[in-house]
Amino acid sequence: MTPLTSRGRARAQRRHPSPRLRASAPAGPADARRRGRATRVGLFTAALAALLATAAAPTATAAPDTSPSPPAVAQAEVPAGVTAGVAVFDRQTGTFTEQVNSAGQFRSASVVKLLLALDVLWGRTPESLPAADRTRIDTMLRSSNDTAASTIWANNGGGAIIDRMVARLGLTDTARPPATHPGYWGYTAMSARDTVRIYRYLLDSAPAPVRDYVLGNLRQSTRCASDGYDQHFGIAGSFNRPWAVKQGWSGFTSGGCTSAAATAAAPTANAAAPAARAGAGSAAVDLSRPALHTTGLVGPGDRAIVAVLTLHPTGTTYGKAYTDVGRLTRSLNVPGATRPAGTWIGTWGSGVRVRAQASTDAAAITTLPAGVEVLVGCQKRGQQVSVPPYVNDWWAHLPQLGGYMTNIYLSSPDNQVPGVPVC
């Protein structure tokens, strides 16, 4: 605290007389009479206020509140520029811990594959399916395979699939794609609260073989999707297992895992063709801005159901959206979740590889989306890497990816990142 000058102390004492100065003048009889009158007036005023409050209280019992439970500890932090629909449901208490724009409609991207799979399985067991259908569902749910989803969509009536599942599950915000794009299953409208309803059906109402089959696939989600996008963002990147996830993305050009040339996808899928997006229109659903969604179950006994649907400013890179969805998901009150230890640090560069050991000679595990934020558990010295004008022999261990990346590509001013322990 900076000491006050003599003039400063004088001004402070004029504004806020000290208790010692206020108490120095003795109280006379007039003061006592004034205090007595003030006390009687205060008591009368308090009694009158209590009487009025009692008279105003309703005598009838209020009707029970049937509206959704408000979040117990709402703490969702939506990054600037992001439009989000969020719902987190605690199955243990039967209440929502987070709700942000939970009824807002978003284009589903690959989250709709949950409905495609359930429609195929309706009234059937997984064992009764033809082998080709089981293979399609497996790859569609684990690796978000778009070709499999397009085949299921075409074989089972397209938009009629959505109509059937809306009626079966009592969905309120889900609708088939716009008439202008009937083949674009990723343009199905969905909300966060409807996504929670889908998972609640799977957990609480679906036949056990169907539940175990669908959730078993979601628990085996592959880091790299069939179209070359890293799909372990949001839930998968924020919480330790156990979890089960179905993710969705649309409107990005490169998603890590493989080179950009290998990520081109059919325009009916997650990465819909830009020309088609520009020509599409819907009063309720934005078909233009890049979308990135993370949905699934978290914690022992699948205690929490999490749905985070997001739209990002036009031109947002996949790494930036991946980071923003991660930050939003980590901010949520998710009962039963455990979070991995480490420090979240930004990266730069594209095509940055995560390797099995701290050496460029070690096998590559995956490739990071450009500019993504990563969780660093510890760091150690390894092979020296040169990226002019930088040279660095420190490597960061990324526990969520099970490997190492050179510290050169971490957004840190020092070769050894301050505050991060040595492995």
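This text goes with the structure placed above it.
Residues numbered from 1 in each chain as written. Predicted model: local features only at pLDDT ≥ 70, side-chain atom pairs only at ≥ 80, totals over all residues. Heavy atoms only, no water.

This part takes up the pairing of strand β1 (residues 83–90). Burial analysis of β1 places seven of its eight residues in the buried class, which makes it a mostly covered element. When β1 meets strand β7 (residues 304–311), the two strands line up antiparallel, connected through eight bridges. Bridge pairing in β7 places T83 opposite L311. Once β1 ends, the chain turns through four residues before running back antiparallel as strand β2 (residues 95–100), passing G94 with a positive phi of about 70°. (Buried < 20%, exposed > 50% of the residue type's maximum accessible area, 1.4 Å probe, protein only. Helix = DSSP H or I, 4+ residues; strand = E, 2+ residues; numbered from the N terminus. Pairing = 2+ DSSP bridges.)

Following the sequence through the fold, D194 ends up in helix α8 (residues 192–204). Looking at D194, its side chain comes within polar contact range of the side chain of R197, at 2.5 Å. Aside from chain neighbours lying at most four places away, what touches D194 is L171, T172, D173 and T174. (Polar contact = N/O pair within 3.5 Å; in protein donor to acceptor, adjacent residues only side chain to side chain. Contact = heavy atoms within 4.5 Å.)

Our next topic: the sheet that holds strand β6 (residues 291–298). Pairing in this open sheet of five strands is antiparallel, and the strands run β2-β1-β7-β6-β5 from one edge to the other. Two strands close off the open sheet at either side, each with one partner strand: β2 and β5 (243–250). Strand-to-strand, the axes of this sheet are offset by a mean angle of 5°, without reference to chain direction. Looking at chain direction, β5 and β6 are connected through eight bridges and run antiparallel. The partner of V245 across the bridge, within β6, is G296. (Axes fitted to C-alpha atoms, helices over the stretch in contact; angles between N-to-C directions.)

As a further point, take the pairing of β5. For β5, the buried fraction is high: eight of the eight residues fall into the buried class. Of the two faces of β5, the one carrying W243, V245, Q247 and W249 and the one carrying A244, K246, G248 and S250 are both buried.

All told, the structure shown has two disulfides when counted by the stated rule. Here C224 pairs with C257 through a disulfide, and the sulfurs are 2.2 Å apart. Taking the torsion about the S-S bond as the criterion, the C224 to C257 disulfide, at about -90°, is left-handed. With C224 in the loop between α9 (208–219) and α10 (235–238) and C257 in the loop between β5 and α11 (274–279), the pair connects residues that are 33 residues apart, well separated along the chain. What pairs with C378 in a disulfide is C423, and their sulfur atoms sit 2.0 Å apart. (Disulfide = S-S within 2.5 Å.)

Counting residues in hydrophobic clusters, the biggest one holds 45 residues, and the most contacted among them are L115, L116, L118, I137, L169, I198 and V214. Elements with a minimum of two residues in this core: β1, α4 (113–121), α5 (131–142), α6 (146–155), α7 (159–169), α8, α9 and β7. Look past the residues within four positions of L115 in its chain and what remains in contact with it is I161, I162, M165, L169, L171, T174 and I198. W249, V325, V352 and V372 belong to the second-largest nonpolar core, a separate cluster that totals 31 residues. (Core = buried A, V, L, I, M, F, W, Y, C linked by side-chain atoms within 4.5 Å.)

In short, geometric facts, not functional conclusions.
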